[in-house]
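What follows is each chain in one-letter form.
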Amino acid sequence: MNQQLIEPVLELQDVSFRYPDGSVGLDRCSISIPRGTRVALLGANGAGKTTLFLHLNGILRPQSGTVLFGGVPLDYSRHGLHTLRSRIGLVFQNPDSQLFSASVREDVSFGPLNLGLDNETVRSRVEEALHAVGMTAYADKPVHNLSYGQKKRVCIAGVLAMRPKVLILDEPMAGLDVAMQVELTHILDQLHTEGMTIVIATHDMDFAYQWADSITVMVNGGCAANWDVESIPEALTELAAYGLGMPKVAELQRVLAIGRIWDDDISSARSHQALIKKLTVATASI
Ligand SMILES: Nc1ncnc2c1ncn2[C@@H]1O[C@H](COP(=O)(O)OP(=O)(O)O)[C@@H](O)[C@H]1O
Ligand SMILES: [Mg+2]
């Protein structure tokens, strides 16, 4: 589906931001995040992904340009920000910068308590959020005893307990082992099925291609290009211009599409790169 046709839930219009030391965080950055979709933000270190996220939930304020939520410019009053942060949940890259309570339950309760909900509602939201991330059994554990991956899940639960419309995750897969990455992908799939808009910053094109509806690349504080995932296999030259490779699976499919090739030599390849090399040699003679 063409993402451009779906109404945007969040937008940056021509937003610029410099940090106090003069570093460029965002430079005339524009992005439109369609409601209910999964957006992957790719970009080198320092491209501005985290800065963009901090603008989406009002932690940073544009020095020029506008951030809109549901078509309305953000309200930076205390009340406005309070409301905004219950609607737009941001999961930081480092769980230790997000978790601060003694126990898991206490930490996940913080958001909904802060919304002024009654104890019974808070309790049921916390249970629901812990269940969603598979951390029910850890509710009474001290946060500092958890593994990195478990802390990450508690951070997500803390945000989910606010029942946000949009979930933003800054490099969520970084530091997770493969099994935990698969689990997190399932959690995100479930949330997407329930209608949540999800935005992720990542370095990993393979994950972005597998998971997202659209991919945006950030360069030097700006959103430089945007593709629906369906058009990624045709975007080889453009991707290369941004220093991005093809998703591995698309690269394989491209070579395999040249002909039906499979023999022992090819099946002996032990890495994706080796396989591509063998297939390329084999297909060149067709
Ligand atoms: N607190 C800060 N003070 C000064 N410069 C910063 C700060 N945070 C980020 N920057 C700079 O802003 C630019 C964008 O950084 P960031 O948004 O963290 O990029 P990314 O998340 O894509 O790696 C970089 O040049 C970075 O060095
Ligand atoms: Mg970052």
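Residues numbered from 1 in each chain as written. Chains lettered and ligands numbered in written order. Predicted model: local features only at pLDDT ≥ 70, side-chain atom pairs only at ≥ 80, totals over all residues. Heavy atoms only, no water.

A.B. asks: What is the right way to read the side chain of His 55 from this model?
C.D. replies: Take His 55: it is sitting in helix α1 (residues 49-56). Overall, the relative accessible area of 0% leaves His 55 in the buried class. A polar contact is formed between the side chain of His 55 and the backbone oxygen of Thr 51, at a distance of 2.9 Å. Beyond its immediate stretch of four places on either side in the chain, His 55 contacts Val 15, Phe 17, Leu 26, Leu 60, Arg 61, Pro 62, Val 67 and Leu 74. (Helix = DSSP H or I, 4+ residues; strand = E, 2+ residues; numbered from the N terminus. Buried < 20%, exposed > 50% of the residue type's maximum accessible area, 1.4 Å probe, protein only. Polar contact = N/O pair within 3.5 Å; in protein donor to acceptor, adjacent residues only side chain to side chain. Contact = heavy atoms within 4.5 Å.)

A.B. asks: Can you help me understand the sheet that holds strand β1 (residues 8-18) in this one?
C.D. replies: Backbone hydrogen bonds are what pair the strands of a sheet, in a parallel or an antiparallel way. A sheet is described by the order of its strands in space; here 4 strands give the open sequence β2-β1-β4-β5, paired in antiparallel fashion. Since the sheet does not close on itself, it has two edges, and those belong to β2 (24-34) and β5 (72-73), each with one partner. (Pairing = 2+ DSSP bridges.)

A.B. asks: Honestly, the side chain of Thr 216 in this entry has me stumped. Any pointers?
C.D. replies: Inspection of the secondary structure puts Thr 216 in strand β9 (residues 214-219). In this view, Thr 216 contacts Ile 31, Val 39, Ala 40, Leu 41, Leu 42, Cys 223, Ala 225 and Asn 226; residues no more than four positions away in its chain are not counted.

A.B. asks: Help me out: how do you make sense of the domain arrangement of the chain in this one?
C.D. replies: Interfaces are often described in size by the accessible area the parts lose on coming together. Parsing the chain into structural domains produces domain 1 (3-244) and domain 2 (247-286). On a C-alpha basis, the centroid separation for the pair domain 1 and domain 2 is 36 Å. Contact residues are listed per partner, giving 6 residues for domain 1 and 5 residues for domain 2. Surface buried jointly by domain 1 and domain 2 totals about 450 Å² across both partners, of which 67% is contributed by carbon and sulfur atoms. Taken as a group, Asp 206, Tyr 209 and Leu 236 account for 73% of the area that domain 1 buries against domain 2, more than any other trio of residues on that side. (Domains from an automatic or database assignment. Buried area = accessible area lost by both parts, 1.4 Å probe.)

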